[in-house]
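Now for the letters of each chain:
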Amino acid sequence: MAGAAVPLGLRRAIALADFTTWKVGGPAQWFGEPDSVEQVMALIQWASHEGLELRVIGAGSNLLVSDAGLEGLTLCQRRLQGAVLDGTSGLVEAQAGEPIPTLARRAARAGLSGLEWSVGIPGTVGGAVVMNAGAQGGCVADSLVSVTVVDPARGTEPFMVEAADLAFAYRHSRLQQEPLVVLSARFQLEPGHDPARVGERTSANLHSRTSTQPYQQPSCGSVFRNPEPRKAGQLIEALGLKGLSIGGAQVSPLHANFIVNTGGATAAQIDQLIAEVQRRVVAAHGIVLHPEVKRLGRFEGLALAA
Ligand SMILES: Cc1cc2nc3c(=O)[nH]c(=O)nc-3n(C[C@H](O)[C@H](O)[C@H](O)COP(=O)(O)OP(=O)(O)OC[C@H]3O[C@@H](n4cnc5c(N)ncnc54)[C@H](O)[C@@H]3O)c2cc1C
């Protein structure tokens, strides 16, 4: 059988450390960064034809990618940008790669309320939907109406899934179990607000985060889910683990639920530190901390639960 045409922009052996906010991760065997839905489809079709495993990433802000890298095709959605905001109805349609902070700022300028909480989250719309990202008491599920997805296993015809069918929970959606590729998302925001006031609330949310979290260092935000009603950061801090290091990976001295790359950290070191924190928290509190961050690729399996 003749091979499928190689889609435009497909690259080989691309260092994924350049595509994750932790700045770690080995090479992707194949790497594509489509900027249109047509290109996404072409890449999915090509991977399927070649029998390659497909992995989708957004801004890589919630990912720990193995030092050995990833086999198959890594499809990075961060260039699939764009959004249409209707200031009258409050309906917003955003492409999967649209940065969440950009969308929050645009919504504020249009007098649309509902995304003020999201401005400090350095992810894409697609990643935020998959993770049900949230902050300051808000989350994606609050205003998401539906997503357009494609199922690489069943062909390349995009279809719509209602938010009600995504099984949203704390930092969880059905999309974490199903290999669907998010192409775009629709949000219903509240129209008719004073843009200046929405902008002020948005900026205040950003400020409160940058003053309490290590925004200047490579990280993936909170490493562990909060074991409600407890806070993971408080449990870790109570054990005096701020500053604990393995190689270049360090429990942030500013916020105990962040692990920062102080320079030259490897994914293996970050993974070992995650496991060490888990061990100490179990020993002291009897609580298993579950990572919020998603691991991609091969690891030694040190962490208690991923
Ligand atoms: C400094 C900092 C602060 C943070 N603060 C917060 C916070 O307050 N609240 C919070 O919830 N998170 C926070 N995060 C974590 C992270 O930003 C969010 O989880 C974000 O939603 C991830 O988006 P992403 O585009 O980077 O996704 P990625 O990290 O690239 O991917 C996350 C998951 O989504 C999947 N995915 C991504 N895009 C698609 C797509 N188009 N289709 C299908 N699957 C896809 C990936 O396969 C992976 O499983 C923070 C991170 C950092 C670095």
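Treat the numbers as computed from the prediction; the structure is a model and nothing was measured. (Residues numbered from 1 in each chain as written. Predicted model: local features only at pLDDT ≥ 70, side-chain atom pairs only at ≥ 80, totals over all residues.)

### Observations concerning the sheet that holds strand 5 (residues 70-76)
What links the strands of a sheet is backbone hydrogen bonding, and the strands pair in either a parallel or an antiparallel sense. If you walk across this open sheet you meet the four strands as 1-2-5-3, and the pairing is mixed. On the outer flanks of this sheet lie strand 1 (11-15) and strand 3 (54-57), each paired with one strand and no other. Here the strands of the sheet are splayed against their neighbours by 45° on average, with no regard to which way each runs. In this sheet, strand 2 (residues 27-32) lies alongside strand 1 in antiparallel orientation, the contact comprising four bridges. Within strand 2, the position partnered with Arg 12 by the bridge is Trp 30. Most of the contacts of helix 1 (residues 37-50) go to strand 5, to which it runs at about 165°, and overall it touches strand 2, strand 3 and strand 5. (Pairing = 2+ DSSP bridges. Helix = DSSP H or I, 4+ residues; strand = E, 2+ residues; numbered from the N terminus. Axes fitted to C-alpha atoms, helices over the stretch in contact; angles between N-to-C directions. Contact = placed C-beta atoms within 7 Å.)

### Regarding the sheet that holds strand 14 (residues 249-251)
Taken in spatial order, the three strands of this open sheet run 13-14-15, and their pairing is antiparallel. Since the sheet does not close on itself, it has two edges, and those belong to strand 13 (245-246) and strand 15 (259-261), each with one partner. The pairing of strand 13 with strand 14 spans two bridges and is classified as antiparallel. Residue pairing for strand 14: Ile 246 is matched across the bridge by Ala 249. With respect to the sheet, helix 6 (residues 267-285) is in contact with strand 13, strand 14 and strand 15, its orientation differing from that of strand 14 by roughly 30°.

### Looking at the domain arrangement of the protein
Along its sequence, the protein is organised into domain 1 (11-76), domain 2 (83-210) and domain 3 (232-296). Summarising the inter-unit geometry, the C-alpha centres of domain 2 and domain 3 are found 29 Å apart. (Domains from an automatic or database assignment.)

### Description of the nonpolar core
Nonpolar side chains tend to gather and get buried jointly when the protein is soluble and globular. Among the nonpolar cores identified, the biggest contains 84 residues, and Ala 107, Val 129, Val 182, Ile 259 and Ile 270 are the most heavily contacted of them. If you tally residues by element for this core, the top one is helix 1, at seven residues. With near-sequence residues (within four places) excluded, Val 182 lies in contact with Ala 96, Gly 126, Val 129, Val 130, Val 147, Val 149 and Leu 175. (Core = buried A, V, L, I, M, F, W, Y, C linked by C-beta atoms within 7 Å. Buried ≥ 20, exposed ≤ 12 C-beta atoms within 10 Å, placed from the backbone.)

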